[in-house]
Each structure stands twice: as C-alpha cells, then as structure tokens.
Amino acid sequence: FLLYFLLSSFAVYHIQDRLTLYISDQYDFTPEKASYVACNYVKSAILCVVVLSPLWYKTLFEFDPTVCRFLAVSYGITDFTALFQNKRMMFTTVVHHVLTSVISLYFSVVPNVTPTMGSIVWYGLWSAFAYPVNTYLGLRKMGKHPRFKSFAFYVYLVACLFNWVYQLWFFLTLESWNWQPV
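Residues numbered from 1 in each chain as written. Predicted model: local features only at pLDDT ≥ 70, side-chain atom pairs only at ≥ 80, totals over all residues. Heavy atoms only, no water.

S.K.: Break down the overall build of the chain for me, with residues and values.
M.R.: Each helix and strand in the chain was counted, giving eight helices and zero strands. In sequence order, the secondary structure elements of the chain are arranged as α-α-α-α-α-α-α-α. The globule rule puts the C-alpha radius of gyration for 182 residues at 16 Å, and the 17 Å found for the chain is close to it. The buried share of the chain, reckoned over its 182 residues, is 46%. Intrachain contacts of the chain at a sequence separation of at least 6 include 71% that bridge at least 24 residues. As presented, the chain carries roughly 10600 Å² of accessible surface, and 70% of it is formed by carbon and sulfur atoms. Between the averaged position of the 12 positive side-chain charges in the chain and that of its 8 negative side-chain charges there is a distance of 9 Å. (Helix = DSSP H or I, 4+ residues; strand = E, 2+ residues; numbered from the N terminus. Rg over C-alpha atoms; globule rule 2.2 N^0.38 Å. Buried < 20%, exposed > 50% of the residue type's maximum accessible area, 1.4 Å probe, protein only. Contact = heavy atoms within 4.5 Å. Areas by Shrake-Rupley, 256 points an atom, 1.4 Å probe, with all protein chains shown as cover. Lys, Arg positive; Asp, Glu negative; His and termini not counted. Charge placed at Lys NZ, Arg CZ, Asp CG, Glu CD.)

S.K.: Could you give an account of the pattern of salt bridges, naming the residues involved and the relevant values?
M.R.: Overall, the coordinates contain two salt bridges when judged by the stated rule. The partner of Asp-17 in a salt bridge is Arg-18, and the shortest N-O contact between them spans 3.5 Å. Using a relative accessible area of 24% as the deciding quantity, one classes Asp-17 as partly exposed. Across the pair Asp-79 and Lys-43 runs a salt bridge, and its minimum N-O distance is 2.7 Å. Note that Asp-79 is positioned in helix 4 (residues 65-85) and Lys-43 in helix 2 (residues 31-52), a separation of 36 residues in sequence. (Salt bridge = Lys/Arg side-chain N within 4 Å of Asp/Glu carboxyl O.)

S.K.: Tell me about unusual backbone geometry, residues and numbers included.
M.R.: Note on backbone geometry: most residues besides glycine have negative phi, and most peptide bonds are trans. In the Ramachandran plot, Asp-28 falls in the positive-phi region, its phi being about 55° despite a non-glycine side chain. Here Asp-28 lies in the loop between helix 1 (2-27) and helix 2.

S.K.: Pulling in residues and values, what's your account of a positive patch on the surface?
M.R.: A cluster of basic residues, Lys-33, Arg-140, Lys-141 and Lys-149, forms a positive patch on the protein surface. Turning to its location among the elements, Arg-140 is positioned in helix 7 (residues 132-142). (Patch = residues over 30% accessible without salt bridge, like charges linked within 9 Å, V, L, I, M, F, W, Y side chains within 5 Å.)

Right, here's the structure in full:
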C-alpha cells in the first residue's frame, strides 16, 4: 500500500498541477487561487469515487483490513498532495492535511489493521461522504455557488451527525476497548 500511496500521490499531484494551469489560464486567476480551486475539485472527485464505490458501503457493515487500508490511503492522498500544491493554506488546514497524511501513511505501512482502527476508517468514510463541501470550496472562488452552499452544508451536517453518533457509540461500548497491539 505504500507503493499505491506514492504512485497515486504522484498522479494526483500532476492532475492538480495541470488543472491549476488550466484554471489559471481560463479564469485569469493567480496561481495560488487556481491551485486552491484545482485541489478542492480533485479532492471532491476522488472522495466522490470513494463514496460511490461498493467498498465504501461494504466497510460500513463489515471490517475488511485490505479495504480499510485502500480507503484510508485514498482519502489521504489528496491532502498529502495539497500540502505541496497550495502554498497559502490556513494553519488549521495545514494541520488537517498533515494529520490525514500521517494517518494514511500509517495505514499504508502498518502490518495489521485491527478492528479497533475501524473507528478511524469510519471517521474517514463519513468525511469522504461530505465531498460536496470541497466542490463548494472550489466553486465559491469562481463565483458559482448560489444553491450549492446549502446542499453542501446539509450533506456535511448529516456526515458529522453519523460520525459523531458512531464515535460516541464506539467509545462507550466495552467491546471497542479490546485494544490489540498493531
């Protein structure tokens, strides 16, 4: 999975780079603004593919270490590449990108993915479900978002609620405290 992380990061970086050039030319944006839009569109597209994948739904109901690795690494690739593409990110965004990158790298090299780690995967699954937020973040810079903002907000709200309820349940059940060494 480390090879998948590295090769996919390389490919995503170049897609973001080409899209940045296209947006910069077509919309007369600064490179920083074009990069921001491109990174959000690419992240949204990849997370949309993850959510529409049968693997996303399978993971909701059944723990599969290989699928968990694939989804965790797929989620983190866009944040990892954005660290190199976006030169002007807010500090909290940088922290988010660094943490998701580290977690994704960890999932790509750890020998055993345990069910206890499923809480992190679940968090990532529902965070991926909120992909319209990244679409909105790109659209708002282009001035094209009148109705999409509300849609993205409600999708985000649903994703957060499912996530928070699961996380609360996970940490309150005794079975989840059966920690195993990784």
